[in-house]
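# Summary of structural features
One letter stands for each residue in the lines below.
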Amino acid sequence: MRPAVGFDLDMTLIDSRPGIRAAYRALTERTGVFVDADLVVTRLGPPLRTELRHWFPEDRIEETVTTYRELYAQYAITPTVPMPGAVETLVAVRDMGLRVVVVTSKLGRLAQLHLDHLGLVADELAGDLFAEGKAAALTEHGVRWYAGDHIGDMVAARTAGVPGIGVATGPCSPGELTAAGAAYVLPDLNGFPALLREIAVGSGPTA
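No experiment lies behind these values; they were computed from the predicted model shown. (Residues numbered from 1 in each chain as written. Predicted model: local features only at pLDDT ≥ 70, side-chain atom pairs only at ≥ 80, totals over all residues. Heavy atoms only, no water.)

Across its full length, the protein chain holds ten helices and eight strands. A compact globule built from 207 residues should have a C-alpha radius of gyration of about 17 Å, and the protein chain, at 17 Å, falls within 12% of that. Structurally, the protein chain occupies a C-alpha span of about 55 × 35 × 30 Å along its principal axes. The proportion of buried residues among the 207 residues of the protein chain is 49%. Counting contacts in the protein chain only where the partners sit at least 6 residues apart, residues at least 24 apart contribute 62% of the total. Surface exposure of the protein chain reaches about 8900 Å², of which carbon and sulfur atoms provide 54%. (Helix = DSSP H or I, 4+ residues; strand = E, 2+ residues; numbered from the N terminus. Rg over C-alpha atoms; globule rule 2.2 N^0.38 Å. Buried < 20%, exposed > 50% of the residue type's maximum accessible area, 1.4 Å probe, protein only. Contact = heavy atoms within 4.5 Å. Areas by Shrake-Rupley, 256 points an atom, 1.4 Å probe, with all protein chains shown as cover.)

Structure representation (structure tokens):
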């Protein structure tokens, strides 16, 4: 199996804020429970249930998860766009003979809808995982570096024993990503191809 570069999805490869905002507004309309969609999109990263617990009582969480995911497929896919540098980054990974692995807290089925809509191709996709929970997937799929925008992504990389590449395009600052264990921090993905070429040279064969 060829080595891989792993990526988080939301706010790393894709800017899903417009779509998620629309989905939460639809959730408010459907359930009658106010959710501040503008606040929600400032703290993307943790699992869906974590966010819903800010707004719904525990005995409504599971039914709301089902409702939200139904609305998500309807409202959140089309407005979402690639993050700056994402398309070029995936091209660079493959040009180096490496695989692309996406490991995300988003349900895999919904993550795949995003990738398909935007024409972003992953060799492997693992969903519904967060922080330490991502580590097993990183190991299973031969991920050599893992890039993400959240401190939970850096925890995942550290747990898997691979360098974490923080991308400061989400809710976490460069300092927070560094403190969480990032080996490298970029302001966005535009600098990722150059960084990967630099760090891959000393890491052994990539094919």
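Okay, back to it.
On the basis of which strands lie adjacent, the open sheet formed by six strands has the order β5-β4-β1-β6-β7-β8 and parallel pairing. The strands lining the two open edges of the sheet, one partner per strand, are β5 (124-126) and β8 (184-186). Averaged over neighbouring strand pairs, the angle between their axes works out to 20° when direction is ignored. Examined bridge by bridge, strand β6 (residues 143-148) and strand β7 (residues 164-167) share three bridges and lie parallel to one another. Along β7, the bridge assignment pairs Y146 with G164. (Pairing = 2+ DSSP bridges. Axes fitted to C-alpha atoms, helices over the stretch in contact; angles between N-to-C directions.)

This next bit is on the pattern of salt bridges. Scanning the model with the defined rule gives eleven salt bridges in all. As a salt-bridge pair, K134 and D8 come within 3.2 Å of each other at their nearest N and O atoms. Here K134 is found in the loop between β5 and α7 (135-140), whereas its partner D8 is found in the loop between β1 (4-7) and β2 (14-15), with 126 residues between them in sequence. Put simply, R17 and D15 hold a salt bridge, and the shortest N to O gap is 2.8 Å. R17 gets classed as partly exposed once you look at its relative accessible area, which sits at 33%. (Salt bridge = Lys/Arg side-chain N within 4 Å of Asp/Glu carboxyl O.)

The next thing to look at is helix α6 (residues 108-118). All of the buried residues along α6 are L110, A111, H114 and L115. Here the buried residues of α6 occupy an arc of 145° about the axis, which is enough to place them on one side. Buried positions along α6 lie against β2, α4 (61-75) and β5. With its phi angle positive at about 70°, G119 sits one or two positions after the end of α6. (Arc of directions from axis to C-beta.)

As a further point, take the packing of aromatic side chains. Throughout the structure, instances matching the rule amount to four aromatic pairs. Both rings, one in Y24 and one in Y68, keep their centres 4.6 Å apart while their planes meet at 35°; by these two values the pair is tilted. Of this pair, Y24 sits in helix α1 (residues 17-31) while Y68 sits in helix α4, placing them 44 residues apart in sequence. By relative accessible area, Y68 is classed as buried at 5%. One aromatic cluster in this structure is built from Y24, Y68 and Y72. (Phe/Tyr/Trp six-rings, centres within 6.5 Å; stacked < 30°, edge-to-face > 60°.)

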